[in-house]
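Read off the chains here:
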Amino acid sequence: MIRSFFAGALVLLCVTVFEAAVLSSISFLPAVPDLSLICVLFFAVHNGRMLGEGAGFLSGLFLDVLSACPLGLNCLLRTVLGYSAGIFNRTLNVEGFLVPVLLGGCATLLKALLVLLISFLFPLTVVPYSLFSFEFLFELAANSVLSPFVFKFLGLFKNAVILKPEHVF
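Asks: I'd like to hear about the overall build of the chain, residue by residue, with values.
Replies: A tally of helices and strands in the chain yields 7 helices and 0 strands. Tracing the chain from N to C terminus, the helices and strands come up as α-α-α-α-α-α-α. Taken against the 2.2 N^0.38 rule, which gives 15 Å for 169 residues, the C-alpha radius of gyration of the chain at 15 Å falls within 12% of a compact globule. A principal-axis box enclosing the C-alpha atoms of the chain has dimensions of 45 × 30 × 30 Å. When burial is assessed residue by residue, the chain has 44% of its 169 residues classed as buried. Within the chain, contacts between residues at least 6 apart in sequence are counted, and of these 72% link residues at least 24 apart. Accessible surface computed for the chain: about 8,900 Å², of which carbon and sulfur atoms make up 76%. Across the chain, the mean location of the 8 positive side-chain charges is 11 Å away from that of the 8 negative side-chain charges.

Asks: How would you explain helix 4 (residues 73-86) if you had to name every residue and give the values?
Replies: In this model, helix 4 (14 residues) spans 20 Å end to end at C-alpha, consistent with the 20 Å of a helix rising 1.5 Å per residue. Within the span of helix 4, buried status applies to Leu73, Asn74, Cys75, Leu77, Arg78, Leu81, Gly82, Ala85 and Gly86.

Asks: Describe in detail the side chain of glutamate 19, supporting the description with residues and values.
Replies: When you line up the elements, glutamate 19 lands in helix 1 (residues 2-21). At 5.4 Å, arginine 78 is the nearest oppositely charged side chain to glutamate 19, a buried residue that forms no salt bridge. Within the structure, the side chain of glutamate 19 is placed 2.6 Å from the backbone nitrogen of serine 36, a separation counted as a polar contact. Excluding anything up to four places from it in sequence, glutamate 19 contacts Ser24, Val32, Pro33, Asp34, Leu35, Ser36 and Leu63.

Asks: Let's hear about the nonpolar core: which residues, and what values?
Replies: Grouped together as the largest cluster of nonpolar side chains are 33 residues, with contacts concentrated most on Leu12, Cys39, Phe42, Phe43 and Phe151. Looking at this core, the elements that each hand over two or more residues are helix 1, helix 2 (35-47), helix 3 (49-66), helix 4, helix 5 (98-121) and helix 6 (134-155). With 10 residues, helix 2 is the largest single contributor of residues to this core. Apart from the residues lying within four places of it in its own chain, the contact partners of leucine 12 are Ser36, Cys39, Val40, Phe43, Ala55, Ser59 and Phe62.

Asks: Now, about the pattern of salt bridges: what can you tell me, with residues and values included?
Replies: Evaluation of the coordinates by the stated rule reveals 4 salt bridges. For the salt bridge of glutamate 95 with lysine 158, the shortest nitrogen-to-oxygen distance reads 3.3 Å. Of this pair, glutamate 95 sits in the loop between helix 4 and helix 5 while lysine 158 sits in helix 7 (residues 158-161), and the two are 63 residues apart along the sequence. With relative accessibility at 41%, the residue glutamate 95 sits in the partly exposed group. Take lysine 158: its relative accessible area is 35%, and that puts it in the partly exposed class. For glutamate 139, the salt bridge goes to lysine 111, with nearest N and O atoms at 2.7 Å.

Asks: How would you explain a nonpolar patch on the surface if you had to name every residue and give the values?
Replies: A grouping of Leu13, Val17, Phe57, Leu61, Val65, Leu66 and Leu71 is seen on the molecular surface, where their side chains present a nonpolar patch of about 640 Å² in accessible area. Of all elements in the fold, only helix 1 and helix 3 reach the threshold of two or more residues within the nonpolar patch. Sorting elements by how many residues they give to the nonpolar patch places helix 3 first, with 4 residues. With respect to the helices, strands and loops of the structure, valine 65 is situated in helix 3. Residue class for valine 65 comes out exposed when judged on its relative accessible area of 62%.

Definitions and cut-offs
Residues numbered from 1 in each chain as written. Predicted model: local features only at pLDDT ≥ 70, side-chain atom pairs only at ≥ 80, totals over all residues. Heavy atoms only, no water. Helix = DSSP H or I, 4+ residues; strand = E, 2+ residues; numbered from the N terminus. Rg over C-alpha atoms; globule rule 2.2 N^0.38 Å. Buried < 20%, exposed > 50% of the residue type's maximum accessible area, 1.4 Å probe, protein only. Contact = heavy atoms within 4.5 Å. Areas by Shrake-Rupley, 256 points an atom, 1.4 Å probe, with all protein chains shown as cover. Lys, Arg positive; Asp, Glu negative; His and termini not counted. Charge placed at Lys NZ, Arg CZ, Asp CG, Glu CD. Expected span 1.5 Å × (residues − 1). Salt bridge = Lys/Arg side-chain N within 4 Å of Asp/Glu carboxyl O. Polar contact = N/O pair within 3.5 Å; in protein donor to acceptor, adjacent residues only side chain to side chain. Core = buried A, V, L, I, M, F, W, Y, C linked by side-chain atoms within 4.5 Å. Patch = residues over 30% accessible without salt bridge, like charges linked within 9 Å, V, L, I, M, F, W, Y side chains within 5 Å.

Below is the structure:
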């Protein structure tokens, strides 16, 4: 379990740095695809709720440190998303194309709704998504389309990042 957690943490750190340093610098993208969220979904669906929420928290912590958002916002969002995806541990067949697309789209939509809810509680510090804006729709489409490819790529490292069935919580 420890090896899977640290391997997942290394993957999340690399993906988050890639998002913050490379993808956010591409000027023609209206929004940055959330690759770290897709990685959290992969870890949660394969390893369960406990590792899903741990991966979500760590991913959020990396994003909070590298971005200008309020400290803890991404930690909270991704912990909830990781736990929610972990509920479907080993019940969904994510080897195909359609299920990862639906997971990526639903997680992006849930993230936007959670940000909207939190923005009602903290209106001066949290800016909500505009659910019908081009930027959000681009992020939703990008996360949905990229999810199967990220799942396939991370599937190449199954021995390092996926727990054995008897260790899943």
